[in-house]
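Descriptive structure summary
Listed here are the chains, written in short residue letters.
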Amino acid sequence: MDCVESWVKLTIKKGVPASPEYSLRTVLGEEVSIRTWIINRLPNDQVSVENALILSHSRRWPLMIDPQMQANAWVRKTYQANLKVIRFTQQHYNRDLEAAISGGKAALIENIQ
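Okay, so let's go over this structure. Numbering of residues starts from 1 in each chain and follows the order in which that chain's sequence is written. Local features in a predicted model are, by the rule used here, given only for residues with pLDDT of at least 70; side-chain atom pairs are given and counted only at 80 or more, and totals for whole chains, interfaces and linings are based on all residues. Excluding hydrogens and water, the side-chain values take into account all heavy atoms of the structure.

So, on to the pairing of strand 2 (residues 106–110). Relative to strand 2, strand 1 (residues 83–87) runs parallel, the two sharing 5 bridges. Looking at the pairing, leucine 83 lines up with alanine 106 of strand 2. If you view a crossover with the strands going away from you and the path from the first strand over the helix to the second runs clockwise, you call it right-handed. Runs of E in the DSSP output that reach at least two residues are strands. Runs of H or I that reach at least four are helices, and both are numbered from the N terminus. For the segment spanning strand 1, helix 6 (residues 93–102) and strand 2, crossover handedness is right-handed. For two strands to be treated as a pair, DSSP must find no fewer than two bridges joining them.

Right under this line is the structure:
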């Protein structure tokens, strides 16, 4: 049994109001923001939208593994004004990463192998 299904059944059994279908998108999402993300090249599928919701509500530094380079395009478009793109092949990548973090900028590390 799925963890979410068991949680919903337990809440209903205990008398806590709950809808039978759980969706992170309906709990955390704002349709206007989600539509903007999709316009900014986020794939319009459930996993991508839920990952973007988690990213947008993170207080720390989320790690995204993106073998298909879909999130890369979305991050570049969404955070373009406040984004530092870093590759380990760059000469002073550690200095650039430190400057981005200490300056409160988003850092996108690419081509990690």
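Attention now goes to the pattern of salt bridges. Salt bridge criterion: a side-chain nitrogen from Lys or Arg within 4 Å of a carboxyl oxygen from Asp or Glu. Applying the stated rule across the entire model yields 3 salt bridges. Here glutamate 31 and arginine 25 are joined by a salt bridge, their closest N and O atoms 3.1 Å apart. By relative accessible area, arginine 25 is classed as partly exposed at 24%. Among the ionic contacts, a cluster of salt bridges with common partners joins Arg76, Arg87 and Glu110. Partly exposed describes any residue whose relative accessible area lies between the buried limit of under 20% and the exposed limit of over 50%, with all areas from a 1.4 Å probe on protein chains only and scaled to the type maximum.

Position of glutamate 110 among the secondary structure elements: in strand 2. The buried category is assigned to glutamate 110, whose relative accessible area is 6%. We define a polar contact as two N or O atoms separated by no more than 3.5 Å, with the added condition that, inside protein, one atom must be a possible hydrogen donor and the other a possible acceptor, whereas residues neighbouring each other in sequence contribute only through side-chain atom pairs. At 2.8 Å, the side chain of glutamate 110 and the side chain of asparagine 72 are in polar contact. Only heavy atoms matter for contacts: two residues are in contact if any of them lie within 4.5 Å across the pair. Once residues lying within four places of it in the same chain are set aside, the contact partners of glutamate 110 are Asn72, Arg76, Val85, Ile86, Arg87 and Phe88.

Geometric descriptors of this kind do not, in isolation, establish any biological role.
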